[in-house]
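Breakdown of the fold
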Amino acid sequence: MTPIETALIAAAFVIVAMLWVVLYPRPRLQLTERGFLDRELGLGWIRWDEIEGAYPPNVRDVEGLRLRVRPGARLLRRLRRTKATAASNGAYELRLDLSDTDITPVELLQEVLSRTDAPPSRGPAAEPAGNF
């Protein structure tokens, strides 16, 4: 085989791989019995037992959800690489952006609360409910 033929075959494989990624993209957010995976966070799988609670979405954060996570050793290493800061009790707060997923913040909040024992929290910067 000549170098030109080899280059053409390699280019064909690259084009097929790129088309596969475009036509069959992996879902950004996956929920399973194991936990959930948000590919944008880059933290890998977060197990349900690592989640302490969730903050309901507020007006400023319509397409997102904030989770309070007490990470295990594997997740802790990944969080330290991202230079995330922990609260005084060792828990981390993660913000999930759900804008381009099929799940709403309320649905994810219900899923998290059904799998954790923590009661829902209003969050550290929660505003009092008013009459609208």
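Below is a short write-up of the structure. Since the model is a prediction, treat every value here as computed from it, not as a measurement. (Residues numbered from 1 in each chain as written. Predicted model: local features only at pLDDT ≥ 70, side-chain atom pairs only at ≥ 80, totals over all residues. Heavy atoms only, no water.)

On to the sheet that holds strand 1 (residues 29–31). The strand order across the open sheet formed by 3 strands is 1-2-3, and the pairing between neighbours is antiparallel. Looking at which strands have only one partner, the edges of the open sheet turn out to be strand 1 and strand 3 (45–47). Across this sheet, the average inter-strand angle for adjacent strands is 15°, counted without regard to direction. Pairing analysis gives 3 bridges linking strand 2 (residues 35–38) to strand 3, with the strands arranged antiparallel. Each residue of the ladder has a partner; that of Gly-35, found in strand 3, is Arg-47. (Pairing = 2+ DSSP bridges. Helix = DSSP H or I, 4+ residues; strand = E, 2+ residues; numbered from the N terminus. Axes fitted to C-alpha atoms, helices over the stretch in contact; angles between N-to-C directions.)

All right, on to the sheet that holds strand 6 (residues 92–97) then. Reading across the sheet, the 3 strands line up as 4-5-6 and stay open at both edges, with antiparallel pairing between neighbours. A single partner strand is all that each edge strand has here, and the edge strands are strand 4 (51–55) and strand 6. The sheet shows a mean angle of 25° between the axes of neighbouring strands, taken without regard to direction. Relative to strand 5 (residues 64–69), helix 3 (residues 105–115) is tilted by about 20°, and along the sheet it contacts strand 4, strand 5 and strand 6. (Contact = heavy atoms within 4.5 Å.)

This paragraph deals with the nonpolar core. Counting residues in hydrophobic clusters, the biggest one holds 20 residues, and the most contacted among them are Phe-36, Ile-46, Ile-51, Leu-67, Leu-98, Leu-108 and Val-112. Where this core is concerned, the elements lending two or more residues are strand 4, strand 5, helix 2 (73–81), strand 6 and helix 3. With residues near it in sequence (within four places) discarded, Leu-108 still touches Leu-31, Leu-65, Leu-96, Leu-98 and Ile-103. (Core = buried A, V, L, I, M, F, W, Y, C linked by side-chain atoms within 4.5 Å. Buried < 20%, exposed > 50% of the residue type's maximum accessible area, 1.4 Å probe, protein only.)

All right, on to the pattern of salt bridges then. Once their charged atoms are close, side chains differing in charge can pair, the charge on each being opposite to the other. Scanning all chains against the criterion turns up 7 salt bridges. Residues Arg-115 and Glu-33 are paired through a salt bridge, measuring 3.3 Å at the closest nitrogen-oxygen approach. Of this pair, Arg-115 sits in helix 3 while Glu-33 sits in the loop between strand 1 and strand 2; the two residues are 82 residues apart in sequence, bridging distant segments of the chain. A salt bridge links Arg-47 to Glu-50, with the shortest nitrogen-to-oxygen separation between them at 3.6 Å. Judged by its relative accessible area of 36%, Arg-47 falls in the partly exposed class. Taking the relative accessible area as the measure of exposure, Glu-50 reaches 2% and is therefore buried. One salt-bridge network, in which partners are shared between bridges, spans Glu-33, Glu-111 and Arg-115. (Salt bridge = Lys/Arg side-chain N within 4 Å of Asp/Glu carboxyl O.)

Summarising burial for strand 5: 6 of the 6 residues are buried, a large majority. The pairing of strand 4 with strand 5 spans 4 bridges and is classified as antiparallel. Bridging from a neighbouring strand, Ile-51 pairs with Val-69 of strand 5. Alignment of strand 5 against strand 6, held across 6 bridges, turns out to be antiparallel. Opposite Val-69, over in strand 6, you have Tyr-92 as the bridge partner.

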